Amino acid sequence: MQELLVISGKGGTGKTSLVAALAALAEDKVLADCDVDAADLHLLLRPEVESVNEFYGSSKAVINADLCTRCGRCREVCRYQAITDGAPARALSGSGQSPSSGSRQSTPVFQVDPIACEGCGVCAHTCPAGAITMKSNLAGYWYISATPYGPLVHAQLGLAEDNSGKLVTQVRQEARRLAEENNAWLIITDGPPGIGCPVISSLTGVTLALVVTEPTVAGWHDLERVVKLADHFKVPVAVCINKYDLAPEKSREIEAYCYEQGLAVAGKIPFDVDVARALVNAVPLTACSRGIAATAVEALWDSLQVQLVKAFNSK
Amino acid sequence: MIITVASGKGGTGKTTIVTNLALALARKMPVQVLDCDVEEPNAHLFLHPEFQEEEEVTLPVPEVDSNKCDGCGKCSEACAFHALAVAGGRVITFPEMCHGCGGCALVCPQGAITEKPHRIGVVARGQAGRIAFAHGMIDVGHPLAPPVIKAVKKRAAGEGLTLIDAPPGTSCPVVAAVKDSDFCLLVTEPTPFGLNDLKLAVGMVRELGVPFAVVINRSSLGDQRVERYCRQERIPVLLKIPFDKRYAATYARGKCLVEEYPDWVAAFVGLWQEIERLVSQHARVAGN
Ligand code: SF4
Ligand code: SF4
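Residues numbered from 1 in each chain as written. Chains lettered and ligands numbered in written order. Predicted model: local features only at pLDDT ≥ 70, side-chain atom pairs only at ≥ 80, totals over all residues. Heavy atoms only, no water.

Novice: Help me understand unusual backbone geometry in this model?
Specialist: For residues that are not glycine, phi is negative in most cases, and the peptide bond is trans in most cases. Phi is positive for A:D28, close to 45°, though the residue is something other than glycine. A positive phi angle is found at B:H82, which is not glycine, with a value near 55°. Within the secondary structure layout, B:H82 lies in the loop between helix 3 (74–78) and strand 4 (84–87). Residue B:H82 is classed as exposed on the basis of its relative accessible area, which comes to 58%. (Helix = DSSP H or I, 4+ residues; strand = E, 2+ residues; numbered from the N terminus. Buried < 20%, exposed > 50% of the residue type's maximum accessible area, 1.4 Å probe, protein only.)

Novice: Explain the site of ligand 1 to me, please; I cannot follow it from the model alone.
Specialist: Surrounding ligand 1, one finds 13 residues, the nearest of these being A:C68, A:C71, A:G72, A:C74 and A:C127. A breakdown of the residues in the shell around ligand 1 according to their chemical character gives nine nonpolar, two polar and two charged. (Near = heavy atom within 4 Å. Nonpolar A, V, L, I, M, F, W, Y, C, P; charged D, E, K, R; others polar.)

Novice: Where do I start with the packing of aromatic side chains in this structure?
Specialist: Geometry of an aromatic ring pair is reported as the spacing of the ring centres plus the angle between the planes. Counting across every chain of the model gives seven aromatic pairs over all chains. Between the aromatic rings of A:F271 and B:F243, the centroid separation amounts to 5.0 Å while the plane-to-plane angle is 10°, which identifies the pairing as stacked. On the criterion of chain membership, the pair formed by A:F271 in the loop between strand 11 (264–269) and helix 9 (273–280) and B:F243 in the loop between strand 11 (237–241) and helix 9 (245–252) is interchain, its members lying in two chains. Overall, the relative accessible area of 14% leaves A:F271 in the buried class. Taken together, B:Y247, B:Y261, B:W264 and B:F268 form an aromatic cluster joined through their ring pairs. The ring of A:Y244 is capped by A:K268, whose NZ or CZ atom sits 4.8 Å from the centre of that ring. (Phe/Tyr/Trp six-rings, centres within 6.5 Å; stacked < 30°, edge-to-face > 60°. Lys NZ or Arg CZ within 6 Å of the ring centre and 35° of its normal.)

Novice: Would you mind showing me how to read the confidence of the model for chain A here?
Specialist: When pLDDT drops low, the exact placement of atoms in the prediction is not to be read closely. Residues and elements named next belong to chain A. Here chain A shows a mean pLDDT of 87. Residues at 70 or above account for 92%. Ranking the elements of chain A by mean pLDDT puts strand 4 (residues 83–85) last with 85 and strand 8 (residues 186–190) first with 96. Here residues 88–106 scores under 50 on pLDDT; set against residues more than four positions off or in separate chains, the count is 39 contacts. (pLDDT = per-residue confidence, 0-100. Contact = heavy atoms within 4.5 Å.)

Novice: For this particular structure, what's the right way to read the sheet that holds strand 8 (residues 161–165) of chain B?
Specialist: One key point about sheets: their strands pair by backbone hydrogen bonds, in either a parallel or an antiparallel sense. All names here are of chain B. Taken in spatial order, the nine strands line up as 3-6-7-2-8-1-9-10-11 in an open sheet, and their pairing is mixed. Bordering the open sheet on either side are strand 3 (50–64) and strand 11, each of which pairs with just one other strand. Taken over all neighbouring pairs, the strand axes of this sheet differ in orientation by 20° on average, direction set aside. Bridging between strand 2 (residues 31–35) and strand 8 involves five bridges; their strand directions are parallel. (Pairing = 2+ DSSP bridges. Axes fitted to C-alpha atoms, helices over the stretch in contact; angles between N-to-C directions.)

Novice: How should the layout of surface pockets be read in this particular structure?
Specialist: Sizing a probe to match a water molecule and rolling it over the atoms shows the empty space that remains. In this structure, the second largest pocket encloses a volume near 400 Å³. The wall of the second largest pocket is formed by 18 residues, among which A:R79, B:T58, B:L59, B:P147 and B:K150 lie closest to the centre. For the lining of the second largest pocket, the elements supplying multiple residues, two or more each, are strand 3 and helix 5 (146–153) of chain B. Of the residues forming the lining of the second largest pocket, the biggest block, six residues, is contributed by strand 3 of chain B. Tallied by class, the residues present in the lining of the second largest pocket amount to seven nonpolar, four polar and seven charged. (1 Å grid on protein atoms, 1.4 Å probe; cavity = no way out; pocket = protein on both sides within 12 Å on 5 of 7 lines; lining within 4 Å. Points joined across faces, edges and corners; volume = space filled by probe spheres on them.)

Novice: Where do I start with the sheet that holds strand 10 (residues 237–242) of chain A in this structure?
Specialist: Residue and element names in this part refer to chain A. On the basis of which strands lie adjacent, the open sheet formed by nine strands has the order 3-6-7-2-8-1-9-10-11 and mixed pairing. Strands at the two margins of the open sheet, each flanked by one partner only, are strand 3 (48–63) and strand 11. Sheet twist, expressed as the mean angle between neighbouring strand axes with direction ignored, is 20°. In this fold helix 1 (residues 15–23) packs onto strand 1 (2–7), strand 2 (29–33), strand 8, strand 9 (208–213), strand 10 and strand 11, with an angle of close to 160° to the strand it touches most, strand 8.

Novice: What's the story with the pairing of strand 8 of chain B in this structure? I'm lost.
Specialist: Both faces of the sheet carry side chains from a regular strand, because those side chains alternate between them. Most of strand 8 of chain B is tucked away: five of the five residues are buried. Burial of the side chains of strand 8 of chain B extends over both faces: B:L161, B:L163 and B:D165 are buried on one face and B:T162 and B:I164 on the other.

Novice: Got a minute to help me understand helix 1 of chain A in this structure?
Specialist: An α-helical turn contains 3.6 residues, so a residue and the one three or four places further along point in the same direction. Judged by how many residues are buried, helix 1 of chain A sits mostly within the fold: nine of nine residues are covered. Taken as a whole, helix 1 of chain A has its buried residues at A:K15, A:T16, A:S17, A:L18, A:V19, A:A20, A:A21, A:L22 and A:A23.

Novice: It is not clear to me how the interface of chain B and chain A should be interpreted in this structure. Could you clarify?
Specialist: A common measure of how large an interface is: the accessible area buried when the components associate. With 59 residues of chain B at the contact, the number on the chain A side is 61 residues. Sorting the residues of chain B by area buried against chain A places B:E40, B:V140 and B:F193 first, and these three jointly supply 15% of that buried surface. The interface formed by chain B and chain A includes one salt bridge. We note a salt bridge from A:R79 to B:E115, for which the minimum N-O separation is 2.8 Å. Between the two partners, chain B and chain A, sit 13 residue pairs in polar contact (both at pLDDT 80 or more). Every element with two or more residues in the side of chain B that touches chain A is listed here: helix 2 (44–47), helix 4 (103–107), strand 7 (131–138), helix 6 (172–178), helix 7 (192–208) and helix 9 of chain B. Broken down by element, the residue count for the side of chain B that touches chain A peaks at nine residues, all from helix 7 of chain B. (Buried area = accessible area lost by both parts, 1.4 Å probe. Salt bridge = Lys/Arg side-chain N within 4 Å of Asp/Glu carboxyl O. Polar contact = N/O pair within 3.5 Å; in protein donor to acceptor, adjacent residues only side chain to side chain.)

Now the structure itself:
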């Protein structure tokens, strides 16, 4: 089984539109959206959710007000300033979490700010009164859905939650399980932006990473950082320059850079209003347009299939 | 005053807003730009600051004295992040996993654990003309952004205007950036993606209790749904920047709108005046 991960260093390069367009071209595959922080692929693939599953992130400290003697030891040892003495901590009520430790009594109690708490458990270890327990925290959901283009595993992390890396790992595991079940040869994964923990979790062990970039100084800068990261994890990289004709000079510079680095430029996609139109109508580009961008994506897909085989064989 | 510019997602033009606003206002008042998008800081590519100093950001990670350690394993039991393992009576540490909580040193019965600083990124500070500038950058391969963001935010000066370029998304790094701001500008695009991400971002700032408004970028490439949503939710839309191939080319070369199209200066000054008005309105409503 092979896995194609589409990443971009930064959001907004057209990564998700491209994944949807590839999804409409590839056969026998499973789709995964690992951008769990701001999942968007479902907007283009119109999934019918078949199963909803809870995701538990790191635990958070909870203080039992009846046992607490207000000695203040926990606040001393907490390095994240997550313990407040009395003033009700501001709790996020965002999707999928309600660690409401806030029994608001008239006497001030020590409380845990669930946003600041990293779940290290140091307070629970040191509280002399045994008043602190660590409770695992419902941090989001992941879903298996049916789409016109094949099964999709996607997720949504609750607001202000950490642990997106863990949720990414969960999504990838499920995608692999589904791919095996369905005898699919390929998983196409929409990766998270950036180079932080969610990207690291989505990179490890993929067959090929396609980095989507734009011909701008910022795009180039982000490309360099993400290529370094992929290198660090020994994942082969192919590059796609989106809207290359908006700044042809910059595109040429990026191509020259790729050549120097030994990176294949698998495709160049021109600016085309059809892309925005497809997005607004919420359909994959290649399912609704025969325009210049759609044609370029088809050529990209041909070249990616070759790159995938190459990467797979050299593993 | 601290204004944070955020968006549910990257690539919507956060950096464009931050840099143009900074350049438009720097003639009138002291302005500071803090780029907290520490995974991919880009503001410096447009403001071209001269960097004067660079400082490492470190986390305290454990160092185990093998003469004192008897391999009891209490430290690895206590570590919630699996940054310590005991194998064959010896402790192995994984500094990339460590959150620097200090728990292992606290629980070690032999007093065998001390802490040493482990580099996770840098903060660089400098000056871009009249604009004071700082940004953070995590080391490639190191997953922990919030400590680097906090280190950048420590550079916030008291006077004048501080503009923070936040990381994308709505998870912990963004919260670390938006927290304690006086105002938050959410940059979005008029597409289904833009709307979806905007709704998430609105949920986040509302929970943090920071007053906010919206800027719509590439406003001519899309539909009306974002504006309709803002109207329904009574969220002010303070500025719209249409898509223009010339603007895209300006951006591609690392130039700012207000430099090449001076007409935009007034628009960004107007944006600032609106923000000032909304901040004082919010303060009145909040009763101080
Ligand atoms: S250490 Fe325990 S008893 Fe002391 S203030 Fe914290 S929770 Fe209360
Ligand atoms: S400092 Fe905290 S996170 Fe780091 S190794 Fe020790 S217990 Fe684990």
